[in-house]
Amino acid sequence: MRFLGNIEAKVDAKGRAFLPAVFRKLLLAEGEERLVLRKDVFQACLVLYPESVWNEQMDALRQRLNRWNKQHQQVFRQFVSEVEILALDGNGRFLIPKRYQRMAEIEQDVKFVGMGDTIEIWSNKKVDEQQMAPEDFGAALEELMGTEAASSE
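For every chain, the first residue of its written sequence is number 1, and the numbers climb from 1 along that sequence. Under the rules for a predicted model, residues below a pLDDT of 70 receive no local features and side-chain atom pairs below 80 are neither given nor counted, while totals for whole chains, interfaces and linings still include all residues. The side-chain figures draw on all heavy atoms in the structure; neither hydrogens nor water molecules are used.

A. A look at the nonpolar core. Ranked by size, the top nonpolar core spans 21 residues in total, and within it L19, L46, L48, F94, F112 and I121 carry the most contacts. To qualify as a helix, a DSSP run of H or I must reach at least 4 residues; to qualify as a strand, a run of E must reach at least 2; elements of each kind are numbered from the N terminus. Those elements that provide at least two residues to this core are helix 1 (21-29), strand 3 (34-39), strand 4 (46-50), strand 7 (109-114) and strand 8 (119-123). Side-chain atoms within 4.5 Å link the members of a nonpolar core, which is a set of buried Ala, Val, Leu, Ile, Met, Phe, Trp, Tyr and Cys residues. Remark: exposure states derive from per-residue accessible area (1.4 Å probe, protein chains only) relative to the maximum for the residue type, with buried under 20%, exposed over 50%, and partly exposed in between. Of all hydrophobic cores here, the second largest spans 7 residues; its members include Y49, V53, F79 and V83.

B. A look at the packing of helix 2 (residues 51-64) against helix 3 (residues 70-81). Lines fitted to C-alpha atoms define the axes here, with helix axes fitted over just the stretch in contact, and angles between the N-to-C directions of these axes take values from 0 to 180 degrees. Where helix 2 meets helix 3, the closest approach of the two axes is 10 Å, and the angle between their N-to-C directions is 170 degrees. Regarding the angle of helix 2 to helix 3, the classification is roughly antiparallel. Along its contact with helix 2, which presents W54, M58, L61, R62 and R64, the element helix 3 presents H72, Q73, F76, F79 and V80. Tallied by class, residues from the contact of helix 2 with helix 3 come to 6 nonpolar, 2 polar and 2 charged. For classification purposes, an angle smaller than 35 degrees is called roughly parallel, one larger than 145 roughly antiparallel, one from 65 to 115 roughly perpendicular, and anything else oblique. In what follows, residue pairs with any heavy atoms lying within 4.5 Å of each other are defined as contacts. Throughout this entry, Asp, Glu, Lys and Arg are counted as charged residues, while Ala, Val, Leu, Ile, Met, Phe, Trp, Tyr, Cys and Pro are counted as nonpolar. The remaining residues, Gly among them, count as polar.

C. View of the layout of surface pockets. Here the term cavity refers to a set of points on a 1 Å grid, laid over the protein atoms alone, in which a 1.4 Å probe fits but cannot get out; the term pocket refers to an open set having protein on both sides within 12 Å along at least five of seven lines, with lining residues being those that place an atom within 4 Å of a point. Grid points are joined across faces, edges and corners, and a volume is the space filled by probe spheres set on the points. Considered as a void within the structure, the largest pocket measures approximately 540 Å³ in volume. Together, 25 residues line the largest pocket, and D40, Q43, M115, E120 and W122 are the ones closest to its centre. Elements with a minimum of two residues in the lining of the largest pocket: strand 3, strand 4, helix 2, strand 7 and strand 8. Residues of the lining of the largest pocket, tallied by class, amount to 12 nonpolar, 6 polar and 7 charged. In this structure, the second largest pocket encloses a volume near 150 Å³. Lining the second largest pocket we find R24, L27, L28, E32, E33, R34, L35, A87, L88 and D89. Listed by contribution, the elements that provide at least two residues to the lining of the second largest pocket are helix 1 and strand 3. Considering each element in turn, the lining of the second largest pocket owes the most residues, 3 residues, to helix 1. In the lining of the second largest pocket, the residues fall into 5 nonpolar, no polar and 5 charged.

Spelled out as structure tokens, the structure:
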């Protein structure tokens, strides 16, 4: 599953949003019926995980943690307890609970951003603040990929 691109949308007064059709089609093709919603660990956006991706992430985290370490248990508890299980209605909509709307400062206009195996939901006000300037983006890509490309030639 590869969610790519960004799509502008609106959240209605009840907090419902339509999952963009391009993302919905990918989920249906993979037989995914449920989504897991949580606030991003680092930024003021929400993350939608297909249930299978969520389960992989949860398993990977659990494998790195020791059940007999207090801090590890707190990290795991916080990661898995601050989620909502979602299902799309017949029209392809889902409800963004009010507390999640507040966490991500979502009002009406949102942007769905494909992040490979997950989908981020951003307030239109916040998403642009997180973008790198084009020259910084180019420099960061060069730093990350430049050495690898040179060594593979």
